[in-house]
Amino acid sequence: EGVVIPEFQTVREAVGFFKGRFDDGRVRIVKKAEKGAEESIYERPNQIYNALQWLATGYMRIRLTGGNLEESCRIETGMEYRAHQSELTLSEYSDDYHAVVDGKRVVLEEHLAKGNTRDPKSTIRIGFAFDDHQVIVGYIGPHQRNRMTN
């Protein structure tokens, strides 16, 4: 493609650059996720750009034609793909795992993960859903609440 990807200083910059390049509707980033990106102090913003780009390309391709999402994600982004959240977590911490899109409540069951601590500089989650041939990114930020944290 010949596009030079800059070294981003913040997650907000990475998300903004992504939105400028991928404005065809494959990936929709909701306000809650944009707010999380603005507040994020994650120290590897280029990894977030790569993850969003993977959602628009590799994830979509595999979702529509088949393949190994976990392996593709790890190779392309250095992050872990997780297909599910526990039903208990989804119901107990509902606000952390749902987004509203065009008046419709969407469950953010899938997510990309890096890090396993509570340190927002080294741990981040991107919560999303595949809905009507579109990736809905509803969460970008530190590890969400779950049954293990409370």
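The structure we're discussing is the one just above.
What counts, and where the lines are drawn
- Residues numbered from 1 in each chain as written.
- Predicted model: local features only at pLDDT ≥ 70, side-chain atom pairs only at ≥ 80, totals over all residues.
- Heavy atoms only, no water.
- Helix = DSSP H or I, 4+ residues; strand = E, 2+ residues; numbered from the N terminus.
- Contact = heavy atoms within 4.5 Å.
- Pairing = 2+ DSSP bridges.
- Axes fitted to C-alpha atoms, helices over the stretch in contact; angles between N-to-C directions.
- Salt bridge = Lys/Arg side-chain N within 4 Å of Asp/Glu carboxyl O.
- Buried < 20%, exposed > 50% of the residue type's maximum accessible area, 1.4 Å probe, protein only.
- Polar contact = N/O pair within 3.5 Å; in protein donor to acceptor, adjacent residues only side chain to side chain.

(A) Region of the structure containing the environment of Glu34. Tracing the backbone through its elements, the reader meets Glu34 in helix α2 (residues 31–39). Distance in space between the C-alpha atoms of Glu34 and Val11 is 9.5 Å, their sequence separation being 23 residues. With sequence-adjacent residues up to four places away left out, Glu34 is seen in contact with Lys19 and Ile29.

(B) Spotlight on the sheet that holds strand β1 (residues 27–29). Ordered in space as β1-β7-β6-β5-β2, the five strands form an open sheet in which the pairing is mixed. This sheet does not close on itself; its edge strands, each paired only once, are β1 and β2 (80–82). Strand-to-strand twist in this sheet, taken as the mean axis angle between neighbours without regard to direction, amounts to 25°. Two elements, strand β6 (residues 124–130) and strand β7 (residues 135–141), share six bridges in a ladder whose sense is antiparallel. Its bridge partner lying in β7, Ala129 is registered against Ile136. The strands touched by α2 within the sheet are β1 and β7, with β7 carrying the most contacts at an inclination of about 30°. Its contacts with the sheet put helix α3 (residues 45–65) on β1, β2, β5 (110–114), β6 and β7, and the angle it makes with β6 is roughly 30°.

(C) Structural view of the pattern of salt bridges. Considering all chains together, one arrives at seven salt bridges under this definition. Ionic pairing is found between Asp102 and Arg28, a salt bridge with its closest N-O pair at 3.0 Å. A residue pair is termed long-range when its members are at least 10 positions apart, and Asp102 in the loop between β3 (98–101) and β4 (104–107) and Arg28 in strand β1 qualify at 74 residues. Classification of Asp102 by relative accessible area gives exposed; the value is 66%. Close ionic contact of Lys35 with Glu39 constitutes a salt bridge, the shortest N to O distance being 2.4 Å. On the criterion of helical spacing, the pair formed by Lys35 and Glu39 is a turn pair, its members being four residues apart in helix α2. A relative accessible area of 53% places Glu39 in the exposed class.

(D) Focus on the side chain of Thr77. Take Thr77: it is sitting in helix α4 (residues 69–77). Engagement of the side chain of Thr77 in a polar contact is seen with the backbone oxygen of Cys73, the distance being 2.6 Å. In this structure the side chain of Thr77 is engaged in a polar contact, spanning 3.0 Å, whose partner is the backbone nitrogen of Met79.

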